[in-house]
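Below are the chains, spelled out letter by letter.
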Amino acid sequence: LPDRLLCWRLERQGSRLFVLKAPAREVAEKIATYRRMLQNLEPLEQNSRELYRMLLSEPLAGMPEGETVGIVPHGSLHYLSFATLYDGRDYLVDRHTLFHLPAASVYRHTLARRQAGKNLRILAIGNPDLGNASLDLPFAEKEAGTLRWNYSDVTTLTRERATESWVRENIAKFGIIHLASHGEFDTVNPLFSSIRLAKDGKNDGRLQAEEVFGLDIKADLVVLSACQTGLGDVKSGDDVIGMNRAFLFAGTHALVSSLWRVSDVSSAILMKQFYRDYSRSDKAQALRLAMLHVRNRYPHPGYWGAFVLTGDYK
C-alpha cells in the first residue's frame, strides 16, 4: 500500500497479519537499487540488511531454522531475491528452504498435479544457433550436456538442432525440460517475452509467452536457465505476467528461472549441482544446496542468488 505493507504469515496452526512500515514507493526504490548492486557485483551487505529488517525481521521472528518458506510476493517484491537477504549473521537461504508462488491459490493447483514418482525423461536445450556469434552461450551448451552424468534418459538439442518447431511438437513427452538460452523480456507487452531458439521454415525461433500458454506441457519441472526469464510485468493489483505464469498455465508443476542477467560460468556450475542434488532430494532443497555450492566459490550474491523456484517445491 502507499504507506505500509501487509504481510500474512500462514502456518498450519493459523495465520498472523503483520503491518510493516514499508511504503510501496520506498520498497520499490530500495529493490531497484539492490538489483543494480547484485547485477554489478557491488558491495551490498548494508542494503541487504536494510531490506531484511524492513520486510522479514518481524514476520520471520521465532520461525524454526530449517522450515520451508513459501513466498507470495506482490508488486515490486516480485523482483527481489529473498534468498540473498542478510540478517547480520546469515542469509535467508542459510536458514530456510525457499519457494515462490505467483498467488496463494496457485498452490492448490500445483499440489493437485503432484505425482508420486519423478518423471526423469529429460529434454535439455543449450545454446541454440541464433545466427549471431555474439549471442553464443558455450557454457549453456556444456550445461545441457552434463545432464547425462546424472540421468540416463536425456534428449539433448544444441545449435541448429534446437529449433522452435521441434520443441513445440515434442515438449509434451518430457518430465524435465531444461532451456539454456537467451530470454528476452518485453516490458511493453509481457506476453511477447520470449525464449530464443533456432529458427526454421515454420517458426521464427522466438518462443513467446503467449505461445507457451497454448502448449501441452506435462513436465514436473521446467528450468529456464536463461537471462531474465523470471521477470514479468508488475501490474498494480496482480502478479507477474510472464514466462512463469505461461508455463504454469500450460501444465508445468514448477519452474526454476532467473531474476537478472546471470554469469554464464556460475550459472552452469549452479545448474550442474542442482541436477545432481535433484536426483536425490526435492526441488527446493536441491536449489538451496546448489546456491550454497556456488557461494563457496563465488561469495557475492549476484553469482548465486538469481534463481527462484516457482510452484510445487517438492
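Residues numbered from 1 in each chain as written. Predicted model: local features only at pLDDT ≥ 70, side-chain atom pairs only at ≥ 80, totals over all residues. Heavy atoms only, no water.

1. Regarding the overall build of the protein
Test applied: Put simply, DSSP marks the helices as runs of H or I at least four residues long and the strands as runs of E at least two long, and each gets a number from the N terminus on. For this measure, only C-alpha atoms enter the radius of gyration; the expected value for a globule follows 2.2 Å times N^0.38, where N is the number of residues. Relative accessibility thresholds used throughout: buried, under 20% of the residue-type maximum; exposed, over 50%; partly exposed, between the two (1.4 Å probe, protein chains only). A contact between two residues is defined here by any heavy atoms of the two lying within 4.5 Å. Per-residue and other accessible areas follow the Shrake-Rupley method at a 1.4 Å probe size, with only the shown protein chains counted as cover for residues. Lys and Arg are tallied as positive, Asp and Glu as negative. Neither His nor the chain termini are counted. For this purpose, a charge sits on NZ of Lys, CZ of Arg, CG of Asp or CD of Glu.
Within the protein, the secondary structure is distributed over 11 helices and 15 strands. Computed over its C-alpha atoms, the radius of gyration of the protein comes to 19 Å, within 12% of the 20 Å expected for a compact globule of 314 residues. Overall, the C-alpha framework of the protein stretches about 55 × 40 × 40 Å when taken along its three principal axes. Expressed as a percentage of its 314 residues, the buried residues of the protein come to 55%. Within the protein, counting contacts between residues at least 6 apart in sequence, those at least 24 apart form 72% of the total. Here the protein displays about 14,200 Å² of accessible surface, and carbon together with sulfur accounts for 49% of that area. Within the protein, the 36 negative side-chain charges are centred at a point lying 4 Å from the centre of the 40 positive side-chain charges.

2. Thoughts on the nonpolar core
Quick reminder of the rule: Think of a nonpolar core as a cluster: buried Ala, Val, Leu, Ile, Met, Phe, Trp, Tyr and Cys residues, connected wherever their side-chain atoms sit within 4.5 Å.
Core analysis: the largest hydrophobic core is formed by 65 residues, its most contacted members being Leu-55, Leu-80, Val-256, Phe-274 and Leu-309. Residue contributions to this core peak at 7 residues, all from helix H10 (residues 283-297). Not counting residues up to four positions away in its chain, the partners in contact with Leu-80 are Ile-31, Tyr-34, Leu-51, Leu-55, Leu-85, His-100 and Leu-259. Of all hydrophobic cores here, the second largest spans 26 residues; its members include Leu-123, Ile-125, Met-243 and Leu-255.

3. Remarks on the packing of helix H9 (residues 264-278) against H10
Packed helices, taken two at a time, are described by the angle between their axes plus the distance between the axes. In plain terms, the rule: Note on definitions: angles span 0 to 180 degrees between N-to-C directions of axes, and those axes are lines fitted to C-alpha atoms, for helices only across the stretch in contact. Our angle categories are set so that under 35 degrees counts as roughly parallel, over 145 as roughly antiparallel, 65 to 115 as roughly perpendicular, and the remainder as oblique. Definitions for this section: a left-handed crossing has its near helix turned counterclockwise from the far helix by less than a right angle. A right-handed crossing has that turn clockwise. Gly falls in the polar group here, along with every residue not listed as nonpolar (Ala, Val, Leu, Ile, Met, Phe, Trp, Tyr, Cys, Pro) or charged (Asp, Glu, Lys, Arg).
Interhelical geometry of H9 versus H10 gives an angle of 140 degrees and a closest axis separation of 8 Å. Taken together, the axis directions place H9 and H10 in an arrangement best described as oblique. In terms of crossing hand, the pair formed by H9 and H10 is right-handed. Residues Ser-266, Ile-269, Leu-270, Gln-273, Phe-274, Asp-277 and Tyr-278 of H9 lie in contact with H10, whose contacting residues are Lys-283, Ala-286, Leu-287, Leu-289, Ala-290, Met-291, His-293, Val-294 and Arg-297. Considered class by class, the residues forming the contact of H9 with H10 number 10 nonpolar, 3 polar and 3 charged.

4. Examining the pattern of salt bridges
We apply this condition: Within this document, salt bridges are pairs made up of a side-chain nitrogen of Lys or Arg and a carboxyl oxygen of Asp or Glu, the two lying within 4 Å of each other.
Counting across every chain of the model gives 16 salt bridges. In this structure, Glu-42 engages Arg-36 in a salt bridge whose closest nitrogen and oxygen atoms are separated by 3.2 Å. Arg-89 is the salt-bridge partner of Asp-90, the closest N and O atoms lying 2.9 Å from each other. Accessibility expressed as a relative area gives 59% for Arg-89, which makes it exposed. Each member of the salt-bridge network shares a partner with another, and the members are Glu-65, Arg-89 and Asp-90.

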